[in-house]
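As a plain string of letters, each chain reads:
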Amino acid sequence: MPPASTGAAAATTPTGALTQSSPATEAPAGRPPGGTVGTDRRHRPGDRAFRRANLALFAAGVATFVLLYSTQGLLPILSADLNLTPGQASWTASAATLGLALALLPASALSDRYGRTAVMTASMLAASALALALPFAPDLSTLVVLRVLQGAALAGLPATAMAYLAEEIHPSALASAMGLYVAGNSIGGMGGRLVSGWAGAAWGWRWGLAASAALALLAALAFRLLIPAARHFRRAPVDARALARTVGAHLRNPLLVRLYALGMLFMAVFGAVYNTVGYRLTAEPFGLPQSLAASIFVVYLVGTATSAAAGRLSGRLGRRGALYVAIGVTAVGLLLSLSESLVGALLGLVLITGGFFAGHATASSSVGRTATHGRAQASALYLIAYYLGNSLGGTVGADAYHSVGWDGAAAVGLAAMTLAAGVTLYATRQAVQARRSMAVDTLRV
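These notes cover the structure that comes with them. Only a predicted model underlies this, so the values are computations on that prediction, with no experimental measurement involved.

Section: the overall build of the chain
Then comes step 1: Helix and strand counts for the chain stand at 16 helices and two strands.
Then comes step 2: Contacts in the chain between residues far apart in sequence, at least 24 positions, make up 81% of those at least 6 positions apart.
Then comes step 3: Accessible surface, the chain: about 17800 Å² in total, of which carbon and sulfur atoms supply 66%.

Now the structure itself:
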C-alpha cells in the first residue's frame, strides 16, 4: 500500500527538527553537502548508484508487504485446518499491522541513531527470520505472537525508507524514486497474498507461509546487495522529550487529527473487506475454489491507478472534494458487493479498492502539507492510525461476517464511511465558517 507522504521538499528527524531537502552532512562549515562549492553529489538519473538505490528500495517494499499481508490470503484455510472462526483467524493478519503500528515511532528514532541502511537491513532480516518460524507454529496463539513480533520488526522500513531517499536522491529525481518504492509496496502487498494463497491452496497454510518467507528473504537479500552506502546521513541522538513535544503538538492540531481519523476509517473498510472476501468467495452462492479465490487480490492493482489519479482529483476538486468522491465510491462499492451475482460482487470490490486508495492517497499526502514542523512524526502518526484501523476493522469485520455473513462485513465498512463523511462534513463546515469570519474582518477593516 502507498505510504504516507512526508513531502519532497523537506525531511525531519524523530526529534522534530526540520531540514531542507539538501540533507546535513559532515561537510566542513561553509561548504555545501557533497564537498565542492556549488555541487550536489546526491544520486541522479543515469548514475549507477541511482539505479541501485531504486532497485534496492523496490525490493525492500516487496519484502515488507509480502510479509505484512502473508496470512490474509490464507484465512479460510487457517479456519478449516485449525477449526477457527473468521474473527479468530483474522488475528493472524491484524496482529502484524498492530505490531507495526506500535513500533513505528521507536523505529524512526532508531534510524536517526544507528543509520538508515542499518535499521532497514536489520528490520527485513529480523522479519524474514520470524517468517521462517511461522510455518512451525503449533497453534493460533503462537502464530499471533510471532506475527506481532514480525510486524514490530517490519516497522524499521516504512519509518526509514523515505528518509533515506530524501537524503540520498537528488530532489529532481525524488518523485520518481518515491514512485518506484510505492510500486514495490503495491506489488509486495499483492504478491504476498497471491503467493501464500496459491501455495496454501495446493499444499496447506504452512507451505503458503513458507513460500512468502522465501520470497521476502530473496527480496531482503537483494536489498542488502544493492543498497548504496548512505553518504549524507548524520547521526543524531534520540531526544525522547523533544519527540514527545512534537507528537503532542501534532495531536493538538485539529486538521491533522481529522486526517488521522480518515486514514483509520478508510483502512478499517479495507481490513474488514479483505479479511473476509476469501470466505465469501469460497462459500455459497459462489463456491469458488481456494486457488481462484486467492487470485482476487489482483484487484489490488486498481490501487496503483487510483492513487495516482487522486492527486489530479485533488487538484480539480480540492482535498475535501476528493475525499467526498472517495467516500462515495467506496460506499457504492460496499452496497454493490451485497449482490449475489459474482460480476456484481467483483465490481463492488473494484470500487471499494479504488475508493480506499483514493481516500488514503488524499489524506496521507495532506499530512505532509499540513504539518509545519516534525513532518516525519506527523506521517508516522498517520501510519499508526492507518494500521490500527486495519487491525480494528479486520477483526471487527471478520466477527461481523461470522455472525451474519457478508452483510455484516459490509455494514462495518458502511459505518466507517459514514463516520468518514461526518469528519469531512465537519471540516467543510469549519472551512466555510473560517472564510465567513475572514470576510467579516475584511469588511470591518
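What about the environment of Gly 355?
Then comes step 1: When you line up the elements, Gly 355 lands in helix H14 (residues 342-370).
Then comes step 2: Residue classification places Gly 355 among the buried positions, given a relative accessible area of 1%.
Then comes step 3: Counting along the chain gives 29 residues from Gly 355 to Ala 326, while the straight-line C-alpha distance between them is 4.5 Å.

Some points on helix H4 (residues 116-133)
Then comes step 1: Along its 18 residues, H4 runs 26 Å from first to last C-alpha, staying within 8% of the 26 Å computed at 1.5 Å per residue.
Then comes step 2: Among the structural elements, helix H1 (48-68), helix H3 (86-114), helix H5 (140-154), helix H6 (161-168) and helix H8 (205-226) are those in contact with the buried residues of H4.

As for helix H2 (residues 75-82)
Then comes step 1: Where H2 is concerned, the buried positions are Leu 75, Pro 76, Ile 77, Leu 78 and Ser 79.
Then comes step 2: Of the residues one or two after H2, Asn 83 is the one with positive phi, at around 55 degrees.

Some details on the packing of H3 against H5
Then comes step 1: Two elements in contact, H3 and H5, have axes whose closest approach is 6 Å; the angle formed by their N-to-C orientations is 30 degrees. Taken together, H3 and H5 sit at an angle that is classed as roughly parallel. With respect to the hand of their crossing, H3 and H5 are arranged in right-handed fashion. Between H3 and H5, the residues in contact are Gln 88, Trp 91, Thr 92, Ala 93, Ala 95, Ala 96, Gly 99, Leu 100 and Ala 103 and Leu 140, Leu 143, Val 144, Arg 147, Val 148, Gly 151, Ala 152 and Leu 154, respectively.
Then comes step 2: A class-by-class count of the residues in the contact of H3 with H5 yields twelve nonpolar, four polar and one charged.

Here we look at the packing of aromatic side chains
Then comes step 1: Within the structure shown, the criterion is met by ten aromatic pairs.
Then comes step 2: For the ring pair Phe 65 and Tyr 69, a centre distance of 6.3 Å and an interplane angle of 20 degrees mean the geometry is stacked. Residues Phe 65 and Tyr 69 agree in their burial class; the two are buried.
Then comes step 3: Seen in terms of ring centroids, Phe 270 and Phe 356 are 4.1 Å apart; in terms of plane orientation they differ by 15 degrees. Their pairing is stacked. Of this pair, Phe 270 sits in helix H10 (residues 254-274) while Phe 356 sits in helix H14, placing them 86 residues apart in sequence.
Then comes step 4: Residue classification places Phe 270 among the buried positions, given a relative accessible area of 1%.
Then comes step 5: An aromatic cluster of at least three residues, connected via ring pairs, comprises Phe 270, Tyr 274, Phe 297, Phe 356, Phe 357, Tyr 382, Tyr 386 and Tyr 387.
Then comes step 6: In this structure, Arg 193 is placed above the aromatic ring of Tyr 69, and the distance from its NZ or CZ to the ring centre is 4.1 Å.

Details of the environment of Leu 98
Then comes step 1: Its place among the elements puts Leu 98 in helix H3.
Then comes step 2: On the basis of relative accessible area, Leu 98 is assigned to the partly exposed category, the value being 26%.
Then comes step 3: Spatially, the C-alpha atoms of Leu 98 and Gly 151 are 7.0 Å apart, while their sequence positions differ by 53 residues.
Then comes step 4: Apart from residues no more than four positions distant in its own chain, Leu 98 is found in contact with Leu 388 and Ser 391.

Concerning the environment of Val 367
Then comes step 1: Inspection of the secondary structure assignment puts Val 367 in helix H14.
Then comes step 2: Remark: the alpha-carbon pair of Val 367 and Ser 379, spanning twelve residues in sequence, is separated by 6.4 Å.
Then comes step 3: Non-local contacts of Val 367, meaning those with residues more than four positions away in its chain, are made with Leu 256, Leu 259, Tyr 260, Ala 378, Ser 379 and Tyr 382.

Focus: unusual backbone geometry
Then comes step 1: The amide bond that connects Glu 284 to the next residue, Pro 285, takes the cis arrangement and shows omega of 10 degrees.
Then comes step 2: Tracing the chain through its elements places Pro 285 in the loop between helix H11 (277-282) and helix H12 (290-294).
Then comes step 3: Positive phi is not limited to glycine here, since Asn 83 has a value of about 55 degrees.

Let's talk about the side chain of His 360
Then comes step 1: Position of His 360 among the secondary structure elements: in helix H14.
Then comes step 2: A polar contact is formed between the side chain of His 360 and the side chain of Tyr 382, at a distance of 2.9 Å.

Section: the side chain of Ser 391
Then comes step 1: With respect to the secondary-structure elements, Ser 391 resides in helix H15 (residues 375-404).
Then comes step 2: Residue classification places Ser 391 among the buried positions, given a relative accessible area of 7%.
Then comes step 3: Within polar-contact distance, the side chain of Ser 391 engages the backbone oxygen of Ser 94 at 2.8 Å.
Then comes step 4: The residues touching Ser 391, leaving out its near neighbours within four places in the chain, are Ser 94, Thr 97 and Leu 98.

Remarks on the packing of H4 against H6
Then comes step 1: H6 packs onto H4 with a crossing angle of 150 degrees between their chain directions and a minimal axis gap of 10 Å. The chirality of how H4 crosses H6 is left-handed. Counted together, Arg 116, Thr 117 and Met 120 of H4 and Ala 161, Ala 163, Tyr 164 and Glu 167 of H6 form the full contact between these two elements.
Then comes step 2: Across the contact of H4 with H6, the residue classes break down as four nonpolar, one polar and two charged.

Definitions and cut-offs
Residues numbered from 1 in each chain as written. Predicted model: local features only at pLDDT ≥ 70, side-chain atom pairs only at ≥ 80, totals over all residues. Heavy atoms only, no water. Helix = DSSP H or I, 4+ residues; strand = E, 2+ residues; numbered from the N terminus. Contact = heavy atoms within 4.5 Å. Areas by Shrake-Rupley, 256 points an atom, 1.4 Å probe, with all protein chains shown as cover. Buried < 20%, exposed > 50% of the residue type's maximum accessible area, 1.4 Å probe, protein only. Expected span 1.5 Å × (residues − 1). Axes fitted to C-alpha atoms, helices over the stretch in contact; angles between N-to-C directions. Parallel < 35°, antiparallel > 145°, perpendicular 65-115°, else oblique. Left-handed = near helix turned anticlockwise from the far one by under 90°. Nonpolar A, V, L, I, M, F, W, Y, C, P; charged D, E, K, R; others polar. Phe/Tyr/Trp six-rings, centres within 6.5 Å; stacked < 30°, edge-to-face > 60°. Lys NZ or Arg CZ within 6 Å of the ring centre and 35° of its normal. Polar contact = N/O pair within 3.5 Å; in protein donor to acceptor, adjacent residues only side chain to side chain.

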